[in-house]
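What follows is the residue order along each chain.
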Amino acid sequence: MSIKQKLGLALGGLMLLLVSSAFLSLMLIYQIDENVQKLGLVEGPLEEAALELKINAGEGARAIILYSIDKQAVHVDRLKDSDAGFKRSMKEFLRLAETDEQRTSAIKVANLHDGLQELGVRIIDNVDRGEPIILQLRNDVVEIDEVIDQRLQPLVNRNDPMSLSKLEAVLEMEINIDEAFAAIQIYIDRPSPELRQVVLDSEQGFEKFENVYRDSSLSTEENQWMKIIDGDFQEAVALGESAMDLADEKRSLIWQLEASVDAIDRVVVEDIHPRIRAESAKALEDAKSSSNSAVLVTGIFALLGILIGVATMMIVGRNILNPIVRLRNASIELGAGDLSVRTDIKSRDEIGDLANSFNQMAEAREEAVIRERRSAEENSVLAEIGRVVTESSEISEIYDPLAQEIQKLITHDRIAINTVDLVTGTFVRDVKGLDAPGRRPDEAAPLSGSFTEAIVNSNSAMLIQPDNIDELSQQIPGLVPVYKAGARSFIGVPLVSRNEIIGALHINSINENNYDERDLSLALRIANQIS
């Protein structure tokens, strides 16, 4: 049952009781009948209009907050609808208002709503300004990473001990810029001084290792790339600061927005509703005094009316006001950072719909934060893989720590790095984990019919999860021994160095259908770090 139906049912019962009283008192209580009609035709709709003011203001604020989270245009449309609903309710309230006090309170609510609209415009503008900044910042970070990985690292002589400090410097520069960007992304949703300090420390770390690299002897080409990196870094620093400032501004504006909604609620609950009820009580008192001869009948029915009215307001308060307060408290907890907060309001009315929408919003926000954290963790592990790979030119020396880091991203029971010789048509394995009969490490094996050959020929990542061994033998015969050893899910990605395939990374699991496209994408990123 909707809120409107609940109020209509309550007022209908009260009307029935008062109209019955009018008929029993006949002409002597004619004035009572007029006052009862006033209660039904003016005071009830007036209170309903006041409640609609509060609901529309809350829905508008919720639409603004949702837009600040997912930037969906549908929330702007909902904001416009709630603003239009607020104006209709305000027009109806002013039409029904009987006293200057009621009109003054309505004007106060209208002024608060104007402030709420202004805050909404500022929040939307803040979100719209922040989106291109983050996009450009991401592009700058990607360009810095690409220049370091594809331009500077190949220029470093890895066989020269004197060049190790340069290699360490470029890797540390990449790690620091990625850490700064990850911290900025988290800060946008959950601003904190600690995250700002992380960004500052990462920027200072980047500059430190940039200076270390510059202090070494640089070629003309290295100088050119360092100028590009420095330009992108300076722009990224400025964009990051702007993005965090906008996040601080958005948080402050949302606090003000919530305060405005609370202020409207207080005016409606503590000012307008009591005045309406006071006018209702006055109408009842006038009706009671209209005829002394009908005082007994009028007193009985008025008492019953009051009792029913009080009971109705208690029911309405329990079914409407209490859920709204609980929803407001849940919104405060969500705004304070408790992403697990949910409401348990189960009513089948507008408030129940609002509670369901709140739960969906909170769940969406929690999922977004989880995705950001997962991305930051993946970037951190990938950076560690890059660091491990650079510790030695011999893959056998770093195989154990490398496998441990890959396990953090992709669960596996067997991992192999195969290096290929396209001239002889053979490849050599480095294997850790599940042992396949006849598959000995460091022994050259023919490419023909192998998973490595399929990867080299296609020059792309491959995901094989066969239903049975017959299907696998038709696709990749070379995987049959590994399948017999227990593996059921296979990922293979090319290892590319200087635009040439030098080998393949194999990741296997004994579980069926253990991998998906996300794992395949992660494997490609791991391969890029290794090669």
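Residues numbered from 1 in each chain as written. Predicted model: local features only at pLDDT ≥ 70, side-chain atom pairs only at ≥ 80, totals over all residues. Heavy atoms only, no water.

Peer 1: Please explain the overall build of the protein as it appears in this structure.
Peer 2: Summing up its helical and strand segments, the protein has 14 helices and 6 strands in all. Buried positions account for 44% of the 531 residues belonging to the protein. (Helix = DSSP H or I, 4+ residues; strand = E, 2+ residues; numbered from the N terminus. Buried < 20%, exposed > 50% of the residue type's maximum accessible area, 1.4 Å probe, protein only.)

Peer 1: What exactly am I supposed to notice about the packing of aromatic side chains here?
Peer 2: Centre-to-centre distance and the angle between the planes together describe a pair of aromatic rings. In the structure shown here, the tally under the stated rule is 1 aromatic pair. With a centroid separation of 4.2 Å and an interplanar angle of 10°, the aromatic rings of Phe206 and Phe233 are classed as stacked. On the criterion of sequence distance, the pair formed by Phe206 in helix α6 (residues 193-215) and Phe233 in helix α7 (residues 220-289) is long-range, its members being 27 residues apart. Assessed through its relative accessible area of 1%, Phe233 is described here as buried. (Phe/Tyr/Trp six-rings, centres within 6.5 Å; stacked < 30°, edge-to-face > 60°.)

Peer 1: Which parts of the structure should I look at to understand the nonpolar core?
Peer 2: Inside soluble globular proteins, nonpolar side chains tend to come together where they are buried. The biggest cluster of nonpolar side chains holds 48 residues, and the ones touching the most others in it are Phe93, Val109, Ile123, Leu257, Ile272, Leu334 and Phe358. The element best represented in this core is helix α2 (residues 30-70), accounting for 13 residues. Residues in contact with Val109, not counting those within four places in the same chain, are Leu53, Phe86, Met90, Ile264, Val267, Val268 and Ile272. Residues Ile144, Ile148, Leu152 and Met226 belong to the second largest nonpolar core, which totals 35 residues. (Core = buried A, V, L, I, M, F, W, Y, C linked by side-chain atoms within 4.5 Å. Contact = heavy atoms within 4.5 Å.)

Peer 1: So what exactly am I meant to see when it comes to the pairing of strand β2 (residues 426-433) here?
Peer 2: The side chains of a regular strand alternate, residue by residue, between the two faces of the sheet. In terms of strand pairing, strand β1 (residues 414-421) meets β2 through 8 bridges, oriented antiparallel. Bridging across to β2, Val420 finds its partner in Phe427. With 2 bridges joining them, β2 and strand β3 (residues 445-446) adopt antiparallel strand pairing. When the sheet's bridge partners are listed, Phe427 is paired in β3 with Ala445. (Pairing = 2+ DSSP bridges.)

Peer 1: Help me understand the sheet that holds strand β6 (residues 500-509), please; the structure alone is not making it clear to me.
Peer 2: Pairing between the strands of a sheet is mediated by backbone hydrogen bonds and can be parallel or antiparallel. Taken in spatial order, the 6 strands of this open sheet run β3-β2-β1-β6-β5-β4, and their pairing is antiparallel. A single partner strand is all that each edge strand has here, and the edge strands are β3 and β4 (462-464). Where β4 lies against strand β5 (residues 489-497), 3 bridges are found, and the strand directions are antiparallel. Bridged to Ile464 within β5 is Phe490. In the packing of helix α10 (residues 399-409) onto the sheet, contacts are made with β1, β2 and β6, and the angle to β1 comes to roughly 120°. (Axes fitted to C-alpha atoms, helices over the stretch in contact; angles between N-to-C directions.)

Peer 1: Help me understand the side chain of Glu405, please; the structure alone is not making it clear to me.
Peer 2: Structurally, Glu405 is set in helix α10. In this structure Glu405 comes out as buried when scored by relative accessible area, which is 11%.

Peer 1: Any chance you could explain the packing of helix α3 (residues 73-96) against helix α4 (residues 100-155) here in plain terms?
Peer 2: Think of two packed helices as two axes; the pair is described by the angle between the axes and how far apart they sit. Where α3 meets α4, the axes come as close as 11 Å, and the angle between the chain directions of the two elements is 170°. Judged by the angle between their axes, α3 and α4 are roughly antiparallel. Contacts from Val76, Leu79, Asp83, Phe86, Met90, Phe93 and Leu94 in α3 reach Gln102, Arg103, Ala106, Val109, Ala110, His113, Gln117 and Ile124 in α4. Among the residues forming the contact of α3 with α4, the class breakdown is 10 nonpolar, 3 polar and 2 charged. (Parallel < 35°, antiparallel > 145°, perpendicular 65-115°, else oblique. Nonpolar A, V, L, I, M, F, W, Y, C, P; charged D, E, K, R; others polar.)

Peer 1: What is the right way to read the pairing of β5 from this model?
Peer 2: The element β5 is extensively covered by neighbouring structure, given that 7 of its 9 residues are classed as buried. Bridge count for β5 against β6 is 9 bridges, and the pairing is antiparallel. Looking at β6, one finds that Pro494 is bridged to Ala504. The antiparallel pairing of β5 with β6 creates a hairpin that spans 2 residues between the two strands, and Arg498 there sits at a positive phi of about 55°.

Peer 1: Please explain unusual backbone geometry as it appears in this structure.
Peer 2: The bulk of non-glycine residues show a negative phi, and the bulk of peptide bonds are trans. Positive phi outside glycine occurs at Lys71, with the angle close to 60°. Within the element layout of this structure, Lys71 appears in the loop between α2 and α3. Positive phi is not limited to glycine here, since Asn499 has a value of about 65°. Structurally, the position occupied by Asn499 is in the loop between β5 and β6. For Asn499, a relative accessible area of 79% gives the class exposed.

Peer 1: I keep staring at the layout of surface pockets and nothing clicks. Help me out?
Peer 2: Rolled over the atoms, a probe as big as a water molecule pinpoints where empty space is left. Approximately 1800 Å³ is the volume found for the largest pocket. Lining the largest pocket we find 50 residues, and of these Gln153, Asn528, Gln529, Ile530 and Ser531 sit closest to its centre. Mapped by element, the contributors of at least two residues to the lining of the largest pocket are α4, α5 (164-189), α9 (350-390), β1, β5 and α14 (517-530). Broken down by element, the residue count for the lining of the largest pocket peaks at 9 residues, all from α4. (1 Å grid on protein atoms, 1.4 Å probe; cavity = no way out; pocket = protein on both sides within 12 Å on 5 of 7 lines; lining within 4 Å. Points joined across faces, edges and corners; volume = space filled by probe spheres on them.)

Peer 1: For this particular structure, what's the right way to read empty space enclosed by the protein?
Peer 2: One pass over the full model with this rule turns up 3 cavities of 30 Å³ or more. If you add up the space inside the largest cavity, you get close to 50 Å³. If you list the elements that add at least two residues to the lining of the largest cavity, you get α4, α5 and α7. If you tally residues by element for the lining of the largest cavity, the top one is α5, at 4 residues.

Peer 1: Before we go on, may I ask you to explain the confidence of the model for the protein in this structure?
Peer 2: Interpretation of the predicted coordinates at a detailed level should be avoided for regions scoring low in pLDDT. Here the protein averages 84 in pLDDT, while 89% of its residues score no lower than 70. By mean pLDDT, helix α1 (residues 3-25) is the weakest element of the protein at 63, and β4 is the strongest at 95. (pLDDT = per-residue confidence, 0-100.)

Peer 1: I'm lost on a negative patch on the surface in this one. Help?
Peer 2: Together, Glu143, Glu146, Asp149 and Glu235 make up a region of like negative charge exposed at the surface. Examined against the element boundaries, Asp149 turns out to sit in helix α4. (Patch = residues over 30% accessible without salt bridge, like charges linked within 9 Å, V, L, I, M, F, W, Y side chains within 5 Å. Areas by Shrake-Rupley, 256 points an atom, 1.4 Å probe, with all protein chains shown as cover. Salt bridge = Lys/Arg side-chain N within 4 Å of Asp/Glu carboxyl O. Lys, Arg positive; Asp, Glu negative; His and termini not counted. Charge placed at Lys NZ, Arg CZ, Asp CG, Glu CD.)

Peer 1: I keep staring at the pattern of salt bridges and nothing clicks. Help me out?
Peer 2: Using the criterion set out here, one finds 19 salt bridges in the structure. Note that Asp245 and Arg196 form a salt bridge whose closest N and O atoms lie 2.8 Å from each other. Taken together, the positions of Asp245 in helix α7 and Arg196 in helix α6 put the pair 49 residues apart, joining distant regions of the chain. Through salt bridges with shared partners, a single ionic network connects Arg196, Glu241, Asp245 and Asp248.

Peer 1: Would you take a moment to explain the environment of Thr426 for this structure?
Peer 2: In this structure, Thr426 sits in strand β2. Beyond its immediate sequence surroundings of up to four residues, Thr426 is in contact with Thr419, Val420, Asp421, Ala444, Ala445, Pro446 and Leu447. Within polar-contact distance, the side chain of Thr426 engages the side chain of Thr424 at 2.7 Å. (Polar contact = N/O pair within 3.5 Å; in protein donor to acceptor, adjacent residues only side chain to side chain.)

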